[in-house]
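Residue-level listing of the chains:
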Amino acid sequence: MDNTLRYVASCILVFLLQVLVANHIDMGPYIFISLLPLILMHIPASISDALRMLIAFALGLLLDIMTDGVTGLHAGAATALGALCGPIYRNRINTDWRNDSGIPTIRSIGPGYTLYAIVASLIYTSAYILLECVTFRPFWFILLRILISTAVSALLTVIIGRSLFRGR
Amino acid sequence: MRNSGFIARLGTILLFIALETVSLLMIGRSGVVQRYKIAGAFRNAQYSLWKTGTSIGHYFGYRRENTLLAEENCRLREELDAYKAAERDVPQTLSAGDYTYIAATVLKNSVNRQDNFLILNRGERDGIHTGMGVITADGVVGIVSAVDESRCRVVSFLSSGQSVSAKVSGSDAFGTLSWLGRSPYKALLTEIPAHIPVAEGDTVTTSGYSMIFPQGIPLGEVTSVSSDGISTQARVRLFQQFNALQHVYIVRINAEDEVRRLENG
């Protein structure tokens, strides 16, 4: 019960950090900070991919509503991450997931956590930026934005994740 | 067991597509630029589908289209002949406006024999009879030699003994053009008086002095000239592509009966 409460509280905190802090930080046109992948990474591995996608879509839509911008961008990007991060986690990051309590933590994932964070940030950031500005921005701009945003978001994800989703 | 796993995976994929579609719709509604881009992408996909469908539909209509075009060609040819006739100062026995053209399709064709022939899809019911000329825009094809109810046989120009009354353009002197018997592209123009200048590159056309072919149908181009002092012979490269004949025109003389009476005296 404690673990569940702690997990839910951590997710809410990350969500609020995204809405109240990250969305208001302007670090130039090349940096887009996304913390939603941190929540989606820690959805229990035992949940089906379909339910994971629905949860991701709902969270993304909620973020869209609470963000001043184009509705549907976060929902689309979160759905893409929700579809992929389950299989990536089960097949690559932690093949021993069935023996864990269910919620991925730094302890359960181990050294692969940083890689998991980078991959999740890359998927989410790429989907978001491509949905936002593909075909009417130069290719190099989009590429640079994806790479720099992924680096910054992944770094923040690892730092915050190590604090909130440490596990016991 | 395997089926349920496959169905579950399929369901996940469909759910992903559905959620992304909903996201795209929301993006399209919310963002002006994105709406323009998404609408453009849908329009392009629609146009591609329509274009493919139209191409397939057109393909199945080509045969009818060709028939209609051949019939239109006949009408235009008759109109052109009528205009040409109106421009002439000196009326001739058979002016260009005295011909009617009947479009026909080649059912069978031969080019590699000494006596070649064609079978066309027109017969007695279309007003065809023996002795009618067959032409295309590229030249003379042959003469109808046999007719039944719905088809006719044409003796090809590429036959021994076949000849066409022809003249060199720019001159009124006429001679006889006949096939050389080997290549389907080579013929020989003979009996041109020696004093008539003939040069390489000159165009050879029908003279109009036969009862069969109208005047002015291009036949070929002179490739070489020889003279024995009395008459000139010219080798001619034919314009007609005998091995690619599909649509031809059968020539009917409108005042044929009158002309025959005049001929027979």
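Residues numbered from 1 in each chain as written. Chains lettered and ligands numbered in written order. Predicted model: local features only at pLDDT ≥ 70, side-chain atom pairs only at ≥ 80, totals over all residues. Heavy atoms only, no water.

Attention shifts here to the overall build of chain B. What chain B contains, in helices and strands, is 3 helices and 12 strands. Against the compact-globule benchmark of 18 Å for 265 residues, chain B has a radius of gyration of 30 Å, which places it well outside the compact range. By principal-axis analysis of the C-alpha atoms, chain B measures approximately 95 × 45 × 40 Å. Expressed as a percentage of the 265 residues in chain B, the buried residues total 35%. Relative to all contacts within chain B whose residues are 6 or more apart in sequence, the contacts with residues 24 or more apart total 58%. Split by element, the accessible area of chain B, about 15800 Å² in all, is 54% carbon and sulfur. For chain B, the distance from the average site of its 27 positive side-chain charges to the average site of its 26 negative ones is 16 Å. (Helix = DSSP H or I, 4+ residues; strand = E, 2+ residues; numbered from the N terminus. Rg over C-alpha atoms; globule rule 2.2 N^0.38 Å. Buried < 20%, exposed > 50% of the residue type's maximum accessible area, 1.4 Å probe, protein only. Contact = heavy atoms within 4.5 Å. Areas by Shrake-Rupley, 256 points an atom, 1.4 Å probe, with all protein chains shown as cover. Lys, Arg positive; Asp, Glu negative; His and termini not counted. Charge placed at Lys NZ, Arg CZ, Asp CG, Glu CD.)

Another point: the interface of chain B and chain A. With 15 residues of chain B in contact, the opposing surface of chain A contributes 20 residues. Summed over both sides, the interface between chain B and chain A buries roughly 1400 Å², with carbon and sulfur atoms accounting for 76% of that surface. Seen at the junction of chain B and chain A, the total is 0 salt bridges. Elements with a minimum of two residues in the side of chain B that touches chain A: α1 (2–30) and α2 (32–87) of chain B. Here the side of chain B that touches chain A takes 11 residues from α1 of chain B, the largest share from any one element. Looking at the side of chain B that touches chain A residue by residue, the classes come out as 8 nonpolar, 5 polar and 2 charged. (Buried area = accessible area lost by both parts, 1.4 Å probe. Salt bridge = Lys/Arg side-chain N within 4 Å of Asp/Glu carboxyl O. Nonpolar A, V, L, I, M, F, W, Y, C, P; charged D, E, K, R; others polar.)

Let's shift gears to the environment of leucine 61 of chain A. Assignment of secondary structure puts leucine 61 of chain A in helix α3 (residues 49–66). The partly exposed category is assigned to leucine 61 of chain A, whose relative accessible area is 23%.

Another aspect to go through is the pattern of salt bridges. With the rule as written, the count across this model stands at 5 salt bridges over all chains. With its nearest N and O atoms 2.9 Å apart, the salt bridge here joins arginine 90 of chain A to aspartate 49 of chain A. Of this pair, arginine 90 of chain A sits in helix α4 (residues 73–93) while aspartate 49 of chain A sits in helix α3; the two residues are 41 residues apart in sequence, bridging distant segments of the chain. Residues aspartate 148 of chain B and arginine 151 of chain B are paired through a salt bridge, measuring 3.8 Å at the closest nitrogen-oxygen approach.

All names here are of chain A. Secondary-structure assignment places tyrosine 30 in the loop between α1 (2–21) and α2 (36–41). Note: C-alpha distance between tyrosine 30 and methionine 41 (11 residues apart in sequence) is 24 Å. Sequence-distant contacts of tyrosine 30, that is, excluding residues within four places in its chain, are made with Trp140, Phe141, Leu144, Arg145, Ile148 and Ser149.

With that settled, the discussion passes to the sheet that holds strand β12 (residues 247–253) of chain B. Residues and elements named next belong to chain B. Strand order in this closed barrel of 6 strands is β1-β2-β5-β4-β3-β12, and the pairing throughout is antiparallel. Averaged over neighbouring strand pairs, the angle between their axes works out to 45° when direction is ignored. Two strands pair when backbone bridges link them, and strand β2 (residues 115–120) and strand β5 (residues 152–159) are joined in this way by 5 bridges, in the antiparallel orientation. Note that in β5 the partner of leucine 118 across the bridge is valine 154. (Pairing = 2+ DSSP bridges. Axes fitted to C-alpha atoms, helices over the stretch in contact; angles between N-to-C directions.)

With that settled, the discussion passes to the domain arrangement of chain B. Each assigned domain of chain B is listed with its residue range as follows: domain 1 (2–58) and domain 2 (68–255). The C-alpha-based centres of domain 1 of chain B and domain 2 of chain B are spaced at 60 Å. (Domains from an automatic or database assignment.)

The grouping of Val8, Ile12, Leu16, Leu20, Val21, Ile25 and Met27 of chain A at the surface amounts to a nonpolar patch, some 600 Å² of accessible area in total. Tracing the chain through its elements places leucine 16 of chain A in helix α1. (Patch = residues over 30% accessible without salt bridge, like charges linked within 9 Å, V, L, I, M, F, W, Y side chains within 5 Å.)

Moving on, we come to the packing of aromatic side chains. Going through the model one piece at a time under the given rule, you end up with 6 aromatic pairs over all chains. For the ring pair tyrosine 7 of chain A and phenylalanine 165 of chain A, a centre distance of 6.2 Å and an interplane angle of 65° mean the geometry is edge-to-face. Highlighted residues: tyrosine 7 of chain A in helix α1 and phenylalanine 165 of chain A in the segment after α7 (139–164), separated in sequence by 158 residues. Its relative accessible area of 15% is what places tyrosine 7 of chain A among the buried residues. With a relative accessible area of 3%, phenylalanine 165 of chain A lands in the buried category. Between the aromatic rings of phenylalanine 32 of chain A and tyrosine 128 of chain A, the centroid separation amounts to 4.1 Å while the plane-to-plane angle is 10°, which identifies the pairing as stacked. Here phenylalanine 32 of chain A is found in the loop between α1 and α2, whereas its partner tyrosine 128 of chain A is found in helix α6 (residues 113–133), with 96 residues between them in sequence. Residue phenylalanine 32 of chain A shares its accessibility class with tyrosine 128 of chain A, and that shared class is buried. Cluster of aromatic residues (ring-pair linked, three or more members): Tyr30, Trp140 and Phe141 of chain A. One Lys or Arg, arginine 153 of chain B, reaches over the ring of phenylalanine 117 of chain B and ends 4.1 Å from the middle of that ring. (Phe/Tyr/Trp six-rings, centres within 6.5 Å; stacked < 30°, edge-to-face > 60°. Lys NZ or Arg CZ within 6 Å of the ring centre and 35° of its normal.)

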